[in-house]
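Okay, here's what each chain looks like letter by letter:
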Amino acid sequence: MGDNILKLPLAAAGAMTERPISVAIVAMGGQGGGVLSGWIVQLAENAGWVAQSTSVPGVAQRTGATIYYVEMMPPAGGRAPILAQMPTPGDVDIVLASEFMEAGRSILRGIVTPERTTLIASDHRSLAISEKSAPGEGIADSGAVIDAIGVAARQRIVFDMDELATRNGSVISSAMFGALAGSGALPFERGAYHAVIRQDGKGVAASLKTFDAAFERAANPVLPAVEAAAPAMPGAGGGPSSAADPRAARLLSLLRTSLPEGAWPMAWAGLRKVVDYQDERYGDEYLEILTRLHEVDRQAGGRTRGYDFTLAAAKYVANAMTYDDVIRVADLKTRPGRRSRIEREVGVGPQQVLTTTEFMHPRMEEIAGLLPMGFARWLKRRNALYAWLDRRVNKGRRVRTYSPVWFLALHTLGGMRWLRRRSLRHAEEMAHRDTWLDCACDLVRKDYALGVEVLKCRRLIKGYSDTHARGLSKFDTVVAEIRRLAHRDDAADWARRLRETAIKDGEGGDLDGLIRTIRSFC
Amino acid sequence: MAERSFAKEVEHLRLGDGDVFRGEAILAITKGLLQAGVSYVGGYQGSPISHLMDVLADAKDILDELGVNFQSSANEATAAAMLSASVMYPLRGAVAWKSTVGTNVASDALANLASGGVTGGALIIIGEDYGEGSSIMQERTHAFAMKSQMWLLDPRPDHACIVNLIARGFELSEASNTPVMLEVRVRTCHMHGSFVCKDNVRPPFTIDDALNTPKRDLSRIVLPPAAYEHEREKIARRLPAAVDFIRAHRLNELFGPATGKVGIVLQGGMYNNVIRALQYLGLSDAYGDTQVPLYVMNVTYPVIDSEIADFSMGKDAILMVEEGQPEYLEQALNTVLRRRDISTRVRGKDVLPMAGDYTIQALARGIQAFLDDCSPALLGNRPPVPDAAPVLAHPRVERLKSVVPPRPPGLCTGCPERPIFAAMKLVQQELGEHHVSADIGCHLFSILPPFNIGTTTMGFGLGAASAAAFSKGSGKRSIAVMGDGGFWHNGLTSGIGNAVFNKHDGVFVIVDNFYSSATGGQDILSSRAWNKNRQTNNPISTAVRGVGATWVREIDRTYDVGRMRSVLKEALTTKEEGPKIVIASSECMLNRQRREKPLTAKSIKDGKRVVKERFGVDEDICTGDHACIRLSGCPSLSVKHLDDPLRDDPVAAIDNSCVGCGNCGEVSEAAALCPSFYRAEVIHNPTWWDRAQARFAMALIGFLQQRRARHRIAFEVA
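Keep in mind that what you see is a predicted model, and the values were worked out from it rather than measured. (Residues numbered from 1 in each chain as written. Chains lettered and ligands numbered in written order. Predicted model: local features only at pLDDT ≥ 70, side-chain atom pairs only at ≥ 80, totals over all residues. Heavy atoms only, no water.)

Draft legend 1. A look at the interface of chain B and chain A. Contact with chain B, which involves 138 residues of that partner, is made by 156 residues of chain A. Across the interface of chain B and chain A, roughly 12,500 Å² is buried in total on both sides, 58% from carbon and sulfur atoms. The largest contributions to the chain B side of the interface with chain A come from B:Tyr287, B:Arg407 and B:Phe715, which together make up 8% of the buried area. Counting every contact that joins chain B to chain A gives 19 salt bridges. Our count for the chain B to chain A interface comes out at 52 residue pairs in polar contact (both at pLDDT 80 or more). When residues in the side of chain B that touches chain A are grouped by element, the largest group, 11 residues, is from helix α26 (residues 688–711) of chain B. Where strand β7 (residues 353–360) of chain A meets strand β24 (residues 677–684) of chain B, 6 bridges bridge the pair, whose relative direction is antiparallel. Among the inter-strand pairings, A:Thr356 is bridged to a residue of β24(B), identified as B:Ala680. (Contact = heavy atoms within 4.5 Å. Buried area = accessible area lost by both parts, 1.4 Å probe. Salt bridge = Lys/Arg side-chain N within 4 Å of Asp/Glu carboxyl O. Polar contact = N/O pair within 3.5 Å; in protein donor to acceptor, adjacent residues only side chain to side chain. Helix = DSSP H or I, 4+ residues; strand = E, 2+ residues; numbered from the N terminus. Pairing = 2+ DSSP bridges.)

Written out as structure tokens, the structure is:
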């Protein structure tokens, strides 16, 4: 029956009546969203408006994502408006997001729309558990949120409100309140906001300071700087051209004569790391290997590919040569720069005294690794003795780093590099390195991209003790599999997928599953 | 000591006649109870009614002045049983809990109460935890009201309306000798609004009056033959009395034009959102001036047949707006109209969703579909309803879907429960996976990343009981987890006592954080704080030994991951028979910080020697494998990118919110993870001895460092 009536040129029965101003605050539990919504309500009530806020804290109170919702409207003829209890997609005037991925989530909820919504968001990140616990790189791409804001919001005010608040000695809710005022999205004067903060009575001075700073920032937006595409290389352009220390200067000139210019910055970083790790001779060894690999690269036609192989080698050979051992850890823990870094991070004043305690758990494995190769192998064959020693060594130790005795012990240990070259661990690591590089050189001649991928597999090896052993076994599995499918045209692509799956293996990645898949067709 | 102090809110309870109350609805309800002359209040905390309990707990002075007895009950059954005080005496009593879970626990007592009936007004405040953000199974309290014949109030989300219905609810209860439930949804409980107060009322008949002149009436006790008579009485006398009262006092409301082709019948709680939906359709203004007749059921049970008939008369169709399933009210409406042979069509779940939240979007769609069908002229030219679909379909927004990570709730920074589950994960790495029965409480977050521990959760305090089927297996032992809150709620008897009796061979972990933490940190029997109104400091270990447990291990510092792990391992492998009980105790960090932070700040200000601790990560030692995070999930332990071209992966980093609990250090030590964690101890106001020691040590250290630095190759660019 509807049809003929629908076609009648009827006027709307009622106008799209005036609606209240709606404000949604998207936050994580414990970020002060409740305080902010309380302030906004107070602001409206002070102006004689009717305001209502609702929230669903529930279990989200502990770090989960949550949403607060405020509506406000002046009463008319003594009648209070009926205010809704939840935001409706497409009908929210202001969205305040206290974290950048939460801003993204608010867009996905449909409460940020181009016709209506002012989005006020802090672009700092508080990482979600899945981003943190992912082995390797798991951090979500903030660029996707920036892109979406561009199409979803009518007006946007985006800056790091958390940093601004910390800098001014307050919390993010004050900064967001300031940004809200500065946006001009609500019809209230700046003084009215100040009054609300004063009324609250807690940390007023710091809150006002933060509020004003955020207000100015929101009212006079600065154009965002173009983000650097890649992490900065040491030195500008092709790296430094000279060094003060003659030994460093010699290595640097050797580097510049034996490697292509594109690889200089990475090789310089690698060189610093290996020399810092061991000694000058180790730097020569590093450069010799690179030079050899670069020759292979050149023969394999690397020039047309920007010497990717050499570049990857500069990075991963340095990492392979600076494996973590007891000497390394002790050395890093006793350096002067370390203490000043901690003082800076923790915020130690001149009137305070800093001490640190390390949580170390050495095992006989690590001790044996330090010993000269022959002796270590002999010891490892004496099962009973080895187990007895392990029981003596293998326990958690609290090390008071900056107490004279412990420091002396660590310092001595950190100075035992002379022991390293003859040690069992070194022999094992270097053998492993050489096999890996042989494999890469072998493959790069047949399939350039595949050779590069094999170098990149070094990324799989990280961590200490069990984690390190797992990384090593993942590496071996992946490299073996790469060798098996090396004949295929798309081998490099599979190699990349194998490596990326292996990094996440057991935590969202299924390496065995991928290998089964690969074997089903090749 | 609850999570929040309600000293400020308590003052709201003193407001007098004509004063305007502004604040959360749950506090308005508390004030409403005092205005209605309540004699005693009880209940069990839980979102969304925790604040009601917390405010009353902090309001002892006011309650004493008014002669009101407030009890925080052991569980909801205890609270419901407390209402028996209103059976014989003209005492007004109110209890509160989270529903439907609380109502489930209370149902035995409620059914008995409803059968015998009450003399004094008995009101049950129900925090209906339904819809988005709910932490429990999605069910309706409505069914309980129907099956036990209790009346169910569902007021409009408006402070004045709610407070008025509290007073009316007591009167209704007394007029019909029936307990009354008042249902408030989550968003309504946390809603900020205002109402004009009345003076608090001292109950005319007091608890002492009842104690001094006890009464007894066999016909009120649920025993045959009285029980049969109760059922007849419910139908013949109490229901008609209730209907009369509800009609006479117009508890249900009519809005909009007196007549129309169509009308909408709605639960009171749906009112605000229905008005907004109508506004989108051009059928109401923001002040509730609707062009569609509305019948608002502030009482959803019983349905007042005559009011439904009157409202339907002359209309082609009515729409029943009823959130949740099944559609009890829609069925009731149909019965009313069929019995009276009224031909008005009843629409409802055919145009509205059968299940889930009635969001404004869902309501607008449903009402539009209803009107399109039954009265399209009302919709006119169909004003544009807000729609986010176009922006959501934009490819840049589409792409966000795979980017924005889920954000599950987790344990707080420094939570003492984190090391328990870290230890459990380490034990399982060694002994293999075990069946783990989980329970309700903060510890339930262990089922989420990064711990992923726990198989089932059957109800508060039932963690131990839900492992009962595994009592005699010869395979790996089952593990049951339960919090101290759950333990005192019922876990001692339903779980531990039962396990002892049945010679259960499993492991029972009792997580004791000194409070009922998940609900806001209320004191319980085993709390260690001194509480002037309650008797605390009753150890869980004494209780479990009291019911016959013999293998009991107490860990009084859960952060000792190594010890935690070895105790769990012993529990899983010991030859001893019977339940293996592990009591892991450390104070809830939220409560502890709230207590200690101001004291520490004051000590530092006063010039006293204070050592502040926090943890850090040596970024050049961390390799970025994040194994530590997979055993922690602490909010202050995160990752960051280094400005180092040789590094692919972000490394671990600890921010300033660290409270120095020690978990990360202990875990990396116990699991032999990596040596990058350190604890920084900062001595504020050091003594001369501290300074002298530091000076001496740093002189030596500086000498050693300089000597070594001279040999290092300097890579500074010339």
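Draft legend 2. Structural context of the environment of B:Ile235. Residues and elements named next belong to chain B. Position of Ile235 relative to the elements: it lies in helix α12 (residues 226–248). Distance in space between the C-alpha atoms of Ile235 and Gln149 is 9.0 Å, their sequence separation being 86 residues. Among all residues touching Ile235, those that are not within four sequence positions of it are Gln149 and Pro240.

Draft legend 3. Spatial organisation of the packing of aromatic side chains. Tallying each qualifying case throughout the model produces 21 aromatic pairs over all chains. Each member of the aromatic cluster is reached from another via a ring pair, and the members are A:Trp39, A:Phe177, A:Tyr193, A:Phe211 and A:Phe215. The side chain of B:Arg156 reaches across the aromatic face of B:Tyr271, ending 5.3 Å from its centre. One residue, B:Arg553, lies across the ring of B:Trp551, its end atom 4.0 Å from the ring centre. (Phe/Tyr/Trp six-rings, centres within 6.5 Å; stacked < 30°, edge-to-face > 60°. Lys NZ or Arg CZ within 6 Å of the ring centre and 35° of its normal.)

Draft legend 4. Inspection of the sheet that holds strand β11 (residues 294–297) of chain B at higher detail. All names here are of chain B. With respect to topology, 5 strands assemble into an open sheet ordered β9-β11-β10-β13-β14, the strand pairing being mixed. Edge positions in the open sheet fall to β9 (253–255) and β14 (345–347), since each of these has one partner strand only. Looking at each pair of strands side by side, their axes are set apart by 20 degrees on average, direction ignored. In the sheet, strand β10 (residues 262–267) pairs with strand β13 (residues 317–321) via 5 bridges, with the strands oriented parallel. The residue of β13 that forms the bridge with Val262 is Ala317. (Axes fitted to C-alpha atoms, helices over the stretch in contact; angles between N-to-C directions.)

Draft legend 5. Structural context of the domain arrangement of chain B. For chain B, the domain assignment lists domain 1 (7–248), domain 2 (253–389), domain 3 (418–589) and domain 4 (609–710). Between the C-alpha centres of domain 1 of chain B and domain 4 of chain B there is a distance of 54 Å. (Domains from an automatic or database assignment.)

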